[in-house]
Amino acid sequence: MTKILAYCAYLRRPGVSLSPSGVNGAAVQELALDGLGLLYSQVEWPFDDTALQRYAVEFHGVVSHMFAQGAVVPFRLLSVFEDPQALADFLVAHHAGFIVDLERLQNLVQMECVLYFAPQAGPRPSGKEYLERKAELLRLAEEFVQSLSEALQDIGKEIRIRESKNGGRIFILVERGNEEVFRSIVQKLPVPERFARRFSGPWPAAEFLSDSVKAPQIAGQR
Amino acid sequence: MGPGPRILLFPMQNDFEAVALTGTSDEDVSLLDILDHVLNAGVVIHGSLVLSLAGVDLVYLGLNVVLTSVETALRNLAADEARGKLR
């Protein structure tokens, strides 16, 4: 059985090149409608579970190739459509929302900073000690996020934070071309004791997509 | 000086980032970063599918649910990898 695997949507313009090969060597094809392009491949389904990591890297390669040339709205790897007609119907139904988001994010990229608790050696703390330590760590994490947002005031267009049980994940929207400025600013920020931080990017600005684009409703489905 | 960036605080969406933090080398982290982004970031199409991952058949009615389960599977996969069990 085959299905249609969608990679990403983008604003069509002259001179844009498409990745020559997609997941599992499938041809990358373009569906276009009024200035919006959508890349997809016809793939064998279900995926071979033993090759999922390779497929993820190949999928990432297709999206990255487009992202290097401009803003994209990435699809998730496991988002598949039944057939080309279903994909075309989707494009017609959601064209306007995708265009709005792509124009809004046209010259922007997403940088990320993950702040997490560094592993602790030593004896296991008591329940009270654990809670006290956790409260202190959360306070330090909040201070770091505040410092980060102040340091990035000039280049950060928008910041979003997701808390996790290990710390926090911070998404920063910056203009394309400001990635090195971002790195130099973040590298200078002191990391709170007992924390470690890691940053990555640029990524497509997926965290900043509107809800209707991120989770579109499809006719006939709840 | 402008008004500065807007800050929005969200509750934890999932714990997959914990996987991305457990890589033992830059290469591990990079692969896990990619897995994290291609599975968790971007447009999610609601649908039904059957997926077999790491030898476990996963049958779900909604892709959101599948993605959560994939995260768990990948976390186990990463743990196996760290222990050198992965083929």
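The model shown is predicted, which means the values in this text are computed figures rather than measured ones.

S.K.: Would you explain the overall build of chain B in this entry?
M.R.: From N to C terminus, chain B includes 3 helices and 3 strands. Put simply, chain B runs from its N terminus to its C terminus through helices and strands in the order β-α-α-β-β-α. Taken over 87 residues, chain B has a buried fraction of 33%.

S.K.: When you look at the overall build of chain A in this model, what are you seeing that I'm missing?
M.R.: Within chain A, the secondary structure is distributed over 5 helices and 9 strands. Along the chain direction, N to C, the helices and strands of chain A fall in the order β-β-β-α-β-β-α-β-α-β-β-α-β-α. If you line up chain A on its principal axes, its C-alpha atoms span 60 × 40 × 35 Å. Expressed as a percentage of its 222 residues, the buried residues of chain A come to 36%. By sequence separation, contacts in chain A at least 24 residues apart represent 75% of the contacts at least 6 residues apart.

S.K.: Hey, could you run me through helix H1 (residues 52-67) of chain A in this one?
M.R.: Note on helix geometry: an α-helix contains 3.6 residues per turn, so any two residues three or four positions apart are oriented the same way. Across its 16 residues, H1 of chain A extends 22 Å between first and last C-alpha, which sits within 8% of the 22 Å expected from 1.5 Å per residue. If you check which residues of H1 of chain A are buried, you get Leu52, Tyr55, Ala56, Glu58, Phe59, His60, Val62, Val63, Met66 and Phe67 of chain A.

S.K.: Can you help me understand the environment of serine 64 of chain A in this one?
M.R.: Secondary-structure assignment places serine 64 of chain A in helix H1. Taking the C-alpha atoms as reference points, serine 64 of chain A and proline 204 of chain A, separated by 140 residues in sequence, lie 8.4 Å from one another.

S.K.: How do you make sense of the environment of leucine 209 of chain A when you look at a structure like this?
M.R.: Residues and elements named next belong to chain A. Note on placement: leucine 209 falls in the loop between strand E9 (195-203) and helix H5 (211-214). Considered as a pair, leucine 209 and methionine 111 are 98 residues apart in the sequence and their alpha carbons are 14 Å apart. Here leucine 209 is in contact with Val73, Asp101 and Lys214, once residues within four sequence places are set aside.

S.K.: Looking at this structure, I do not really get unusual backbone geometry. What am I missing?
M.R.: The bulk of non-glycine residues show a negative phi, and the bulk of peptide bonds are trans. Residue and element names in this part refer to chain A. Of note, the amide linkage connecting glycine 201 to proline 202 takes the cis form, showing an omega dihedral of 5°. Take proline 202: it is sitting in strand E9. Of note in the backbone geometry, asparagine 24 takes a positive phi value of approximately 55° without being a glycine. One non-glycine residue, aspartate 34, adopts positive backbone phi at about 40°. Take aspartate 34: it is sitting in the loop between strand E2 (29-33) and strand E3 (36-44). Using a count of 10 C-beta atoms within 10 Å as the deciding quantity, one classes aspartate 34 as exposed.

S.K.: Hey, could you run me through helix H2 (residues 84-104) of chain A in this one?
M.R.: All names here are of chain A. Over its 21 residues, H2 runs 28 Å from end to end, which matches the ideal 30 Å to within 8%, given 1.5 Å per residue. The largest bend along H2 reaches roughly 65° and is located at histidine 94. Within the sequence span of H2, burial applies to Leu87, Phe90, Leu91, His94, Phe98, Asp101 and Leu102. Buried residues along H2 sit against strand E1 (2-11), E2, E3, strand E4 (72-74), strand E5 (80-81) and H5.

S.K.: Looking at this structure, I do not really get the pairing of E3 of chain A. What am I missing?
M.R.: Looking down a regular strand, the side chains alternate between one sheet face and the other. Residue and element names in this part refer to chain A. When E1 meets E3, the two strands line up antiparallel, connected through 9 bridges. Of the residues in E3, the one forming a bridge with tyrosine 10 is glycine 37. Relative to E3, E2 is paired through 5 bridges, and the arrangement is antiparallel. Across the sheet, glutamine 29 pairs through a bridge with tyrosine 40, a residue of E3. Taking the residues that link successive antiparallel strands as the turn, the E2-E3 hairpin has 2 residues, and the phi of aspartate 34 there is positive, at about 40°.

So, how was this worked out
All chains use their own residue numbering, which begins from 1 and follows the written sequence. All chains are assigned letters beginning at A, and all ligands numbers beginning at 1, according to the order in which they are written. At least 70 in pLDDT is required for a residue's local features to be given in this predicted model, at least 80 for side-chain atom pairs to be given and counted, and no such filter applies to totals for whole chains, interfaces and linings, which use all residues. Counting from the N terminus, the helices are the DSSP runs of H or I reaching at least four residues and the strands are the DSSP runs of E reaching at least two. Exposure classes come from backbone-placed C-beta atoms, where a residue is buried if 20 or more other C-beta atoms lie within 10 Å of its own, exposed if 12 or fewer do, and partly exposed in between. By the criterion used throughout, residues are in contact when their C-beta atoms, derived from the backbone, lie within 7 Å. What a helix is expected to span follows from its residue count: subtract one and scale by 1.5 Å. The bend at a residue is defined as the angle formed between two axes, one fitted to the seven residues ending at that residue and one fitted to the seven starting there. Any two strands between which DSSP finds at least two bridges are classified as paired.

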